[in-house]
Amino acid sequence: LREHEEFTKVKNIAKIELGRYEIDTWYFSPFPPEYNDSVKQLYFCEFCLNFMKRKEQLQRHMRKCDLKHPPGDEIYRNGTLSMFEVDGKKNKVYGQNLCYLAKLFLDHKTLYYDVDLFLFYILCECDDRGCHMVGYFSKEKHSEESYNLACILTLPPYQRKGYGKFLIAFSYELSKKEGKVGTPERPLSDLGLLSYRGYWTRVLLEILKKHKSNISIKELSDMTAIKADDILSTLQSLDLIQYRKGQHAICADPKVLDRHLKAAGRGGLEVDVSKLIWTPYK
Ligand code: ACO
Ligand code: ZN
């Protein structure tokens with residue numbers, strides 16, 4: 001019951017201002033009490049993510065805030081697109097602010113008060129005014145369950161442009177560098193599942209096409225860092241798995257692959273791994 005109450009809490013903040021956008025929120029987020037009573041809109045500094053109740057406070061803040069990008073290391077840059085890695089332990093307030101902000105668009109995720117245990121990967125579009133956050137994902141520094149992503153968000157003004165798939169692809173590139181397989185933390189939202197299904201489908205179909213299906217699930221997993229369970233469920237949903245002699249076997253006619261590939265739509269923004277400068281967290 002408690003949990004249910006938590007999930008169905010009434011939306012407290014209706015709207016936020018962030019950079020050049022006014023954004024309608026989707027869900028409740030547990031902002032400290034002084035922000036909850038009768039405040040319907042919050043004003044965020046788009047760089048340090050501090051939030052305020054009044055526009056004038058934000059304007060005053062912007063005159064003295066000297067951040068022009070997230071407070072961490074830039075680990076990827078390709079044209080105007082950058083990724084920053086922020087350590088929740090070194091930048092606690094930023095991590096907490098980001099969680100408050102993200103919860104406004106995430107339904108069934110609980111808020112992490114313990115941001116120390118997470119790394120945050122912030123995707124930005126950069127111009128001469130600074131690096132503007134488009135979306136992010138969080139990742140536990142050490143995951144027992146081989147999670148390579150805890151929460152993912154594309155801010156609403158940037159959704160459906162391929163940034164979500166970019167973030168997902170990026171999370172798997174980090175796993176490849178770690179030499180581990182990964183999977184997103186469950187439960188997934190409807191939009192999360194759609195995005196993951198789309199990513200898994202495209203990646204797997206392209207490899208199957210190249211290898212003419214002569215490949216095992218284990219080999220696919222080694223190549224992509226996608227967990228075997230996720231590969232199996234994706235291929236099953238595409239009807240590409242047969243169960244023979246107690247074993248799962250991939251069986252895909254090239255024509256069937258082509259049909260699925262066409263249906264899988266556009267690939268989204270590519271991650272150019274040659275532009276990723278990163279070593280795993282120790
Ligand atoms: N309606 C239908 N399909 C959609 C929609 C939508 N509104 N949004 C995304 N999709 C599907 C499509 O299949 C799309 O691929 P396509 O455009 O090639 O058809 C695919 O998802 C991915 O689209 P992207 O543009 O790459 O993803 P986007 O930048 O919109 O981000 C994300 C996807 C992160 C899930 C975004 O919708 C979001 O932030 N949602 C709110 C937060 C959330 O639910 N996060 C996931 C929670 S689960 C977890 O965190 C582990
Ligand atoms: Zn600021």
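Owing to the predicted nature of the structure, the values given are computational and were not obtained by experimental measurement. (Residues numbered from 1 in each chain as written. Chains lettered and ligands numbered in written order. Predicted model: local features only at pLDDT ≥ 70, side-chain atom pairs only at ≥ 80, totals over all residues.)

A. Main features of the packing of helix α5 (residues 163-178) against helix α6 (residues 190-210). Two elements in contact, α5 and α6, have axes whose closest approach is 10 Å; the angle formed by their N-to-C orientations is 65°. Between α5 and α6 lies a crossing of right-handed hand. Mapping the contact onto sequence places G164, K165, I168 and A169 in α5 and S195, Y196, G198 and Y199 in α6. Classifying every residue of the contact of α5 with α6 gives four nonpolar, three polar and one charged. (Axes fitted to C-alpha atoms, helices over the stretch in contact; angles between N-to-C directions. Helix = DSSP H or I, 4+ residues; strand = E, 2+ residues; numbered from the N terminus. Left-handed = near helix turned anticlockwise from the far one by under 90°. Contact = placed C-beta atoms within 7 Å. Nonpolar A, V, L, I, M, F, W, Y, C, P; charged D, E, K, R; others polar.)

B. Spatial organisation of the site of ligand 1. In the vicinity of ligand 1 there are 26 residues, among which T154, Q159, G164, S189 and G192 approach most closely. For the shell around ligand 1, the element with the most residues is α6, which contributes five residues. Of the residues contributing to the shell around ligand 1, the split by class is 11 nonpolar, 10 polar and five charged. (Near = placed C-beta within 6 Å.)

C. Structural view of unusual backbone geometry. R186 connects to P187 through a cis peptide bond whose omega is 0°. Its identity is not glycine, yet A225 carries a phi of approximately 65°, on the positive side. Within the secondary structure, A225 sits in the loop between α7 (217-224) and α8 (228-237). A positive phi is found at D239, a non-glycine position, where the angle reads about 65°. The class for D239 is exposed, based on 11 C-beta atoms found within 10 Å. (Buried ≥ 20, exposed ≤ 12 C-beta atoms within 10 Å, placed from the backbone.)

D. Just the sheet that holds strand β5 (residues 73-78), in detail. Strands sit in the order β5-β6-β7-β8-β10 across an open sheet of five strands; the sheet is antiparallel. Whereas interior strands pair on both sides, the edge strands pair on one side only; in this sheet they are β5 and β10 (152-154). Adjacent strand axes in the sheet meet at a mean angle of 20° when their direction is disregarded. Sheet analysis places strand β7 (residues 118-127) next to strand β8 (residues 130-140), joined by 10 bridges and oriented antiparallel. (Pairing = 2+ DSSP bridges.)

E. Local environment of the UniProt feature "active site" (unreviewed entry) in the protein chain. Mapped onto the present numbering, the UniProt feature "active site" (unreviewed entry) falls on E185. Take E185: it is sitting in the loop between β11 (183-184) and α6. What makes E185 partly exposed here is the crowd of 18 C-beta atoms within 10 Å. With residues near it in sequence (within four places) discarded, E185 still touches Y147, L149 and A150. (UniProt positions renumbered as here; feature names shortened; annotations may be inferred.)

F. Spotlight on the pairing of β7. Summarising burial for β7: seven of the 10 residues are buried, a large majority. Summarising the sheet, strand β6 (residues 81-87) and β7 pair through seven bridges and their orientation is antiparallel. Bridging across to β7, F84 finds its partner in I122. In textbook terms, the turn of a hairpin is the stretch between consecutive antiparallel strands, and for β7 and β8 this stretch comprises two residues.

G. Quick peek at the sheet that holds strand β3 (residues 41-44). Taken together, four strands build an open sheet; the order of strands is β2-β1-β3-β4 and the sheet is mixed. With partners counted over all chains shown, the strands left at the sheet margins are β2 (21-24) and β4 (51-52), one partner each. Where strand β1 (residues 15-18) meets β3, four bridges bridge the pair, whose relative direction is parallel. The residue of β3 that forms the bridge with L18 is F44.

H. The arrangement of the pairing of β2 in detail. Here four bridges tie β1 to β2, and the two strands are oriented antiparallel to one another. What sits directly across from E17, in β2, is E22. What sits between β1 and β2 in their antiparallel hairpin is a turn of two residues, with G19 showing a positive phi close to 60°.

I. Spatial organisation of the packing of α7 against α8. One can describe the packing of α7 onto α8 by two numbers: an axis separation of 9 Å at closest approach and a directional angle of 115°. Viewed along their axes, α7 and α8 form a crossing whose handedness is right-handed. On α8, the residues touching I217, K218, L220 and S221 of α7 are A228, I231 and L232. For the contact of α7 with α8, the class distribution of residues is five nonpolar, one polar and one charged.

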